[in-house]
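Residue-level listing of the chains:
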Amino acid sequence: MTATLLLARHGQTVWHAENRYAGVSDIALTDTGRAQAEALGRWIGEHPVDAVWTSPLSRAVATAEPACRTLGLTPRREPDLRECDFGVVEGRTLAEFAEENPAHADAYRADPVAHPFPGAEDPAAAAERGAAALHRIAAAHPGERVLVVAHNTLLRLVLCRLLGIPLADYRRVFPKLRNAAVTELRLDPETGTAGLLSLNLPTAPAP
């Protein structure tokens, strides 16, 4: 039986405000990010879910907290929903990396899966672990609605993996998942079929 997964990117952090790659670094929300989390909580109050799952990183947990408080739910943490490790670019911008290594930056822009940053997690492996996590969550909640709070790059890779879009195109097809916005996905864990119902539904005003 299918489950409806409401995929939400966490709220804004200091590094994301500056367009820095946070990856597996545990960066806290800004005041704007906390306001976005509260807005997501109010939105979920109007569109209730049966369960909440999050990445183990604190920015995702904090973003899910208002929704859990609103509905009286206890969030479940899934390690495989963590963001991709960006290697040497953690805490830096793509522009900064391009100044140091323009050839690699150009190759990354052309195909971020074939040419990940030095020391970074294999994007294809990240897509597989994230997709497997969503399948497990869907299997645990047949016929239910589930809020899943995770991360920009991981969720874009997973969407491509589940929808049959080439992973190399994830930055082009899904330029950005907005902070605390909701992307609605219908997923059947038995057949592996997925359908995109909505993308980047706003729950809070843009910063």
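Right above here is the structure, for reference.
Overview of the structure. (Residues numbered from 1 in each chain as written. Predicted model: local features only at pLDDT ≥ 70, side-chain atom pairs only at ≥ 80, totals over all residues. Heavy atoms only, no water.)

**Brief notes about the sheet that holds strand 5 (residues 182-187)**
In sheet architecture, strand pairing relies on hydrogen bonds along the backbone and comes in two forms, parallel and antiparallel.
Here is step 1 of the chain: Spatially, 3-2-4-1-5-6 is the arrangement adopted by the six strands of the open sheet, whose pairing is mixed. Looking at which strands have only one partner, the edges of the open sheet turn out to be strand 3 (76-77) and strand 6 (194-201).
Here is step 2 of the chain: In this structure, strand 2 (residues 51-54) lies alongside strand 3, joined through two bridges in parallel fashion. Residue pairing for strand 3: W53 is matched across the bridge by R76. (Pairing = 2+ DSSP bridges. Helix = DSSP H or I, 4+ residues; strand = E, 2+ residues; numbered from the N terminus.)

**So, the packing of aromatic side chains**
Here is step 1 of the chain: The tally for this structure, following the rule as stated, stands at four aromatic pairs.
Here is step 2 of the chain: With 4.1 Å between their ring centres and 25 degrees between their planes, Y108 and F117 make a pair best called stacked. The same class applies to Y108 as to F117, namely buried.
Here is step 3 of the chain: Counting every residue linked through ring pairs, the aromatic cluster contains Y21, F86, F97, Y108 and F117. (Phe/Tyr/Trp six-rings, centres within 6.5 Å; stacked < 30°, edge-to-face > 60°. Buried < 20%, exposed > 50% of the residue type's maximum accessible area, 1.4 Å probe, protein only.)

**With respect to the side chain of T153**
Here is step 1 of the chain: Along the polypeptide, T153 turns up in helix 7 (residues 152-163).
Here is step 2 of the chain: Beyond its immediate stretch of four places on either side in the chain, T153 contacts E83, C84, F86 and Y170. (Contact = heavy atoms within 4.5 Å.)

**Describing the layout of surface pockets**
A water-sized probe rolled over the atoms picks out the places where empty space is left.
Here is step 1 of the chain: Reported here for the largest pocket is a volume of approximately 410 Å³.
Here is step 2 of the chain: Along the wall of the largest pocket there are 20 residues; nearest its centre are R9, N19, Y21, N152 and R156.
Here is step 3 of the chain: Here the lining of the largest pocket gets three residues from one element, more than from any other, and that element is helix 7.
Here is step 4 of the chain: Residues belonging to the lining of the largest pocket are distributed by class as follows: five nonpolar, eight polar and seven charged. (1 Å grid on protein atoms, 1.4 Å probe; cavity = no way out; pocket = protein on both sides within 12 Å on 5 of 7 lines; lining within 4 Å. Points joined across faces, edges and corners; volume = space filled by probe spheres on them. Nonpolar A, V, L, I, M, F, W, Y, C, P; charged D, E, K, R; others polar.)

**Points about the packing of helix 6 (residues 123-140) against helix 7**
Here is step 1 of the chain: Packing of helix 6 against helix 7 brings their axes to within 8 Å, and their N-to-C directions diverge by 75 degrees. On the basis of the axis angle, helix 6 is roughly perpendicular to helix 7. From helix 6, P123, A126, A127, E128, R129, G130, A131, L134 and H135 reach across to helix 7, where they touch L154, L157, V158, R161 and L162. (Axes fitted to C-alpha atoms, helices over the stretch in contact; angles between N-to-C directions. Parallel < 35°, antiparallel > 145°, perpendicular 65-115°, else oblique.)

**Comments concerning the pairing of strand 6**
Here is step 1 of the chain: Summarising the sheet, strand 5 and strand 6 pair through five bridges and their orientation is antiparallel. In the sheet register, L185 faces strand 6, and the bridge partner there is L196.
Here is step 2 of the chain: Remark: six residues form the turn of the hairpin made by strand 5 and strand 6, two consecutive strands paired antiparallel; G192 in that turn has positive phi of roughly 80 degrees.

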